[in-house]
Amino acid sequence: MFADASNFVLPVDNTFIFIVIICVFFLVLITGMMITFVIKYNSKKNKKAKNIHGSVPLEITWTVIPTILVMVMFYFGWTGYKSMTDAPKDSMAVDVYAQMWSWSYKYANGVESDTLFVPLNKPVKVLLHSRDVDHSFYVPAFRIKKDVIPNRTNTEWFLPTRVGSYDVLCAEYCGLRHSYMYSTVVVLPEDQYNKWIADKQAQDNDAATP
Amino acid sequence: MASETLTLHNNGHEVSYLDYQGKHKGLLGWLLSTDHKRIGILYMIGVLSFFAVGVTLGFLIRLELLTPQGTIVGPQAYNEFFTVHGIIMIFIVVIPVIPAVFGNFFLPIMLGAKDVAFPRINLLTWYLYIIGGVLILLSLVLPGGAADTGWTFYVPYSVRTGTNMIFTLTAVFIIGFSSILTGLNFLTTIHRMRAPGMDWFKMPLFAWSLYATSWIQVIVTPIVGITLLMVIVERVFHVGIFDPTLGGDPLLFQHMFWMYSHPAVYIIIVPAMGVISEIIPVFSQRTIFGYKFIAYSSLGIAVFGSLVWAHHMFATGMSDTAEFVFSLLTFLVAIPSAIKVFNWTATLYKGSIKLEAPMLYALAFIFLFSIGGLTGIIQGALNVDLYLTDTYFIVGHIHYVVFGGTGFGLFAALHYWLPKMFGRMYNKKVAKVAFWIVFIGFNVLYFPFFILGWMGMPRRSYHYLPQFQLYHVIATVGSWILVLGLLIMMVNLLVSLIKGKKITENNIWGGETLEWKVSTPPTVENFEEIPEVFDGPYEYKQNEYASMEEEVK
């Protein structure tokens, strides 16, 4: 749906698809057996039931195999998560401010904006600040989400890999206009980004010194 | 007067608990009764009434979401709707429903006892429950507005909002006591009042599931009680426990809230699993597969389920250690549930299966609960959860587990035990038709939630982006089908209580647990003499005689 807008799209989607395939397999297995047994051993055809109290080998099988499978899932989830927490050292830092019910962004050179502009293929580290209640910084196209909690600076990083503009949503319910708390992240080629931030700074300076 | 004399002479034997006239008559005979069966029915009236309100709110939520912008109400009303819908459904419907209604009614009978250990406390729990429930309903109509925080009451918003929070929090606090006392009552009953010969592994699996549930209730409910009390203290006295502007920690609230509310998921689901463990062998007419594994897996769920609460908080920026441990344990807690599902399926093997309404609901439970459980596993993976948490994916997951699980468990239990409780049978054909409508409506309503979640639609949103509308429309149509099915089901059951065919035989379905050996409806004292128990609950010896006969031939 969103073709690789960030470096996290592929690993998250792959983990998801891997787990979904296993889940669908088990769901089909269980449902298939259920339907088969209900048809085959229907009381109309099968008047007398057979008592089977259980089977330890079977119990071990269906304990051990799912345990191994969920451990593999855990491993993919964990390694994927680790890559999301460890931001590269050369990341560009941006302060994100959340308040009821809007987002604002502040760049290293002091420039502020309501839309998040980032350069293509440069790692960006966002520092998340809340001015009131809990919010959550959510960019579906990048597969990232992190809660924004007052008195606490959570961080998150991403590498934008495709030019375009993407929705920023608030994922933690925050009151009356929570569902209107939208913003946009715009990924620009590096030269255009540099031009934007330089122009914006010049504009701000003009506004500050009339 | 004749019936009263009869009652007194034989000490309540041979008189149905429905006809019994004790010290109080009429309505008071119910409201002041300490008979576990009457209390079970009082609970049933309460729970089903609250369920009707919860369904109505859910119906209105879906109607509102038909269009991306406002459809029938404004955002404030919408926020109150989903909050009260959640509070009603979680705290006064699915948490109490199976233990308080069917546990109360059938646990003592299944154990071969005349009542629970503390009958008066049992009645007290009902009053606490009703007071709490009525307070929640009142919050909807009183000036100031109903709670608008979501059922999770997250601070700092719950400290700042101007709505009737104290009212609602007090209600949930009171209901907590009802839950704790019911848990204590059941634990004592199970430990002390089993009939002679009924050792732990001759107990029906429903009793096992209530045993595990009661421990969770007693251990974790006090945590949510005190946490909500602290939110009230914070709102009134501004002491700075949770409020960040006073130096408090909002994450502390989340930890304490989920320390209860995650195990609460198991308070919700484990009793329903107990119901399914009763119904599957009865309608397969054979012994259950892996009795001990099902029994122990309930305890496994109770233990592991109490240690996974922070998987609701993967996006809050916890330490890597916490993320690691809680994700690992979350994956492991799936295993005992999987063991149950496999054993139920294996119980169908070589059975003699009758597809009556209770069995249809039980099989649907296995299917829907499997989807609910498996979508839970998907969110156990840390990097995937960071994408899916707080989206419609989790809303779909919770409805598949809680409604597809406990809701369908409740419907199975109603169709299984209601004829026993009232001595009248519902229309079986209508029951099956209603089942299919409910089942289809349920899936049309909730399955699109997974797609919406994967597309990135945040939960608790009044307004949404236009690309999500198609799935919202499908879900809303599903809600109409579901409500239609529920209405047919409930009308069928209610009509049966008055006009249904009278049942006189004790054993309606061919079950082997003790409730099928007492009269229909049960007498006041359940048993004339306390029975002695020699066999496990699902022996079905006639199967062995049959196979022996075959061998002789």
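Asker: Help me understand the overall build of chain A in this model?
Answerer: The secondary structure content of chain A amounts to 3 helices and 10 strands. Counting from the amino terminus, helix and strand elements in chain A follow one another as α-α-β-β-β-β-β-β-β-β-β-β-α. In terms of overall size, chain A is more extended than a compact globule, its C-alpha atoms giving a radius of gyration of 25 Å where 210 residues would be expected to give roughly 17 Å. The dimensions of chain A, computed from C-alpha atoms along their principal axes, are 95 × 35 × 30 Å. Taking all contacts inside chain A whose residues are at least 6 apart in sequence as the whole, residues at least 24 apart take part in 70%. Total accessible area on chain A stands at roughly 9700 Å², and carbon and sulfur atoms take up 61% of it. Charged side chains in chain A number 20 positive and 19 negative. The centres of these two groups are separated by 18 Å.

Asker: Any chance you could explain the packing of helix H2 (residues 56-85) of chain A against helix H12 (residues 320-348) of chain B here in plain terms?
Answerer: For any two helices packed against each other, one specifies the inter-axial angle together with the distance between the axes. It is at 9 Å that the axes of H2(A) and H12(B) come closest, and there the two elements cross at 155 degrees. With respect to each other, H2(A) and H12(B) are oriented roughly antiparallel. With respect to the hand of their crossing, H2(A) and H12(B) are arranged in right-handed fashion. Tallied by class, the residues present in the contact of H2(A) with H12(B) amount to 16 nonpolar, 5 polar and 4 charged.

Asker: Please explain the state of the cysteines as it appears in this structure.
Answerer: One way to say it: the disulfide is the covalent bond shared by the sulfur atoms of two cysteines. Evaluation of the coordinates by the stated rule reveals 0 disulfides over all chains. With no disulfide of its own, Cys170(A) has Cys174(A) as its nearest cysteine by sulfur position, at a separation of 3.9 Å.

Asker: Just to check I follow, could you spell out helix H15 (residues 392-422) of chain B for this structure?
Answerer: Because an α-helix completes one turn every 3.6 residues, residues spaced three or four positions apart along the sequence face the same direction. All names here are of chain B. Maximal helix bending in H15 amounts to about 35 degrees, located at Tyr416; proline Pro419 follows within four positions. Counted residue by residue, H15 has 29 buried out of 31 residues, so it is predominantly covered. Of the residues flanking the end of H15, it is Gly423, one or two places downstream, whose phi is positive at about 70 degrees.

Asker: Mind showing me how you'd approach a nonpolar patch on the surface here?
Answerer: Together, Val56(A), Ile60(A), Val64(A), Ile68(A), Val72(A), Tyr75(A), Phe76(A) and Phe293(B) line one region of the surface with nonpolar side chains, adding up to about 700 Å² of accessible area. For the nonpolar patch, the leading source of residues is H2(A), giving 7 residues. Along the polypeptide, Val56(A) turns up in helix H2.

Asker: What exactly am I supposed to notice about the interface of chain B and chain A here?
Answerer: How big an interface is tends to be stated in terms of the accessible area lost upon association of its parts. Taken together, the contact pairs 92 residues of chain B with 78 residues of chain A. Surface buried jointly by chain B and chain A totals about 7600 Å² across both partners, of which 68% is contributed by carbon and sulfur atoms. On inspection of chain B and its partner chain A, the count reaches 1 salt bridge. For Asp320(B), the salt bridge is made with Lys82(A), and the minimal N-O distance between the two is 2.7 Å. Where chain B packs against chain A, one counts 31 residue pairs in polar contact (both at pLDDT 80 or more). When residues in the side of chain B that touches chain A are grouped by element, the largest group, 15 residues, is from H12(B). Residue classes in the side of chain B that touches chain A are distributed as 50 nonpolar, 30 polar and 12 charged.

Asker: Got a minute to help me understand the sheet that holds strand S9 (residues 164-170) of chain A in this structure?
Answerer: All names here are of chain A. Strand order in the open sheet made by the 5 strands is S4-S10-S9-S6-S7, with mixed pairing throughout. For this open sheet the edge positions go to strand S4 (116-119) and strand S7 (144-148), each flanked by a neighbour on one side alone. Going across the sheet, the axis of each strand differs from the next one's by a mean of 20 degrees, ignoring polarity. Pairing analysis gives 4 bridges linking S4 to strand S10 (residues 183-188), with the strands arranged parallel. If you follow Pro119 over to S10, its bridge partner there is Leu188. Where helix H3 (residues 190-208) meets the sheet, it contacts S4 and S10, and its direction lies at approximately 135 degrees from that of S4.

Asker: Can you help me understand the packing of aromatic side chains in this one?
Answerer: Any two aromatic rings considered together are summarised by their centre-to-centre distance and by the angle between their planes. Inspection of the entire model under this criterion finds 84 aromatic pairs over all chains. Measuring from ring centre to ring centre gives 5.4 Å for Trp62(A) and Phe342(B), while their planes differ by 20 degrees; the resulting arrangement is stacked. Within this pair, whereas Trp62(A) is found in helix H2, its partner Phe342(B) is found in helix H12, the two belonging to separate chains. No difference in accessibility class separates Trp62(A) from Phe342(B), as the two residues are buried. Seen from the ring of Tyr180(A), Arg177(A) lies directly overhead, with NZ or CZ sitting 4.1 Å from the centre. Here the guanidinium or amino end of Arg194(B) rests over the ring plane of Trp200(B), the centre of that ring lying 4.4 Å away.

Asker: What is the right way to read the sheet that holds strand S2 (residues 102-107) of chain A from this model?
Answerer: Whenever strands of a sheet pair, they do so through backbone hydrogen bonds, lying parallel or antiparallel. Residues and elements named next belong to chain A. Ordered by their spatial adjacency, 5 strands build an open sheet running S3-S2-S1-S5-S8, and the pairing between neighbours is mixed. The two strands at the open ends of the sheet, each matched to only one other strand, are strand S3 (112-113) and strand S8 (154-158). When S2 meets S3, the two strands line up antiparallel, connected through 2 bridges. Bridging from a neighbouring strand, Lys106 pairs with Glu112 of S3.

Asker: Mind showing me how you'd approach the pairing of S8(A) here?
Answerer: Regular strands show a simple pattern: their side chains alternate between the two faces of the sheet. Residues and elements named next belong to chain A. With 4 of its 5 residues buried, S8 lies for the most part within the structure. Judged from the 5 bridges that link them, strand S5 (residues 124-130) and S8 form a sheet pairing that is antiparallel. For Val124, the partnering residue across the bridge sits in S8 and is Phe158.

Asker: So what exactly am I meant to see when it comes to the domain arrangement of chain A here?
Answerer: Residue and element names in this part refer to chain A. By domain assignment, chain A separates into domain 1 (9-85) and domain 2 (92-208). Computed over C-alpha atoms only, the centres of domain 1 and domain 2 are separated by 41 Å. In this complex, domain 1 contributes 6 residues to the contact, which on the side of domain 2 involves 5 residues. Taken over both partners, the interface formed by domain 1 and domain 2 buries close to 470 Å², and the fraction arising from carbon and sulfur atoms is 49%. Broken down residue by residue, the surface that domain 1 buries against domain 2 is led by Val9, Asp13 and Met84, which jointly contribute 68%. Seen at the junction of domain 1 and domain 2, the total is 1 salt bridge. If you list the elements that add at least two residues to the side of domain 1 that touches domain 2, you get helix H1 (9-40) and H2. For the side of domain 1 that touches domain 2, the residue count by class is 3 nonpolar, 2 polar and 1 charged.

Analysis parameters
Residues numbered from 1 in each chain as written. Chains lettered and ligands numbered in written order. Predicted model: local features only at pLDDT ≥ 70, side-chain atom pairs only at ≥ 80, totals over all residues. Heavy atoms only, no water. Helix = DSSP H or I, 4+ residues; strand = E, 2+ residues; numbered from the N terminus. Rg over C-alpha atoms; globule rule 2.2 N^0.38 Å. Contact = heavy atoms within 4.5 Å. Areas by Shrake-Rupley, 256 points an atom, 1.4 Å probe, with all protein chains shown as cover. Lys, Arg positive; Asp, Glu negative; His and termini not counted. Charge placed at Lys NZ, Arg CZ, Asp CG, Glu CD. Axes fitted to C-alpha atoms, helices over the stretch in contact; angles between N-to-C directions. Parallel < 35°, antiparallel > 145°, perpendicular 65-115°, else oblique. Left-handed = near helix turned anticlockwise from the far one by under 90°. Nonpolar A, V, L, I, M, F, W, Y, C, P; charged D, E, K, R; others polar. Disulfide = S-S within 2.5 Å. Bend = angle between axes of the 7 residues up to and from the residue. Buried < 20%, exposed > 50% of the residue type's maximum accessible area, 1.4 Å probe, protein only. Patch = residues over 30% accessible without salt bridge, like charges linked within 9 Å, V, L, I, M, F, W, Y side chains within 5 Å. Salt bridge = Lys/Arg side-chain N within 4 Å of Asp/Glu carboxyl O. Buried area = accessible area lost by both parts, 1.4 Å probe. Polar contact = N/O pair within 3.5 Å; in protein donor to acceptor, adjacent residues only side chain to side chain. Pairing = 2+ DSSP bridges. Phe/Tyr/Trp six-rings, centres within 6.5 Å; stacked < 30°, edge-to-face > 60°. Lys NZ or Arg CZ within 6 Å of the ring centre and 35° of its normal. Domains from an automatic or database assignment.

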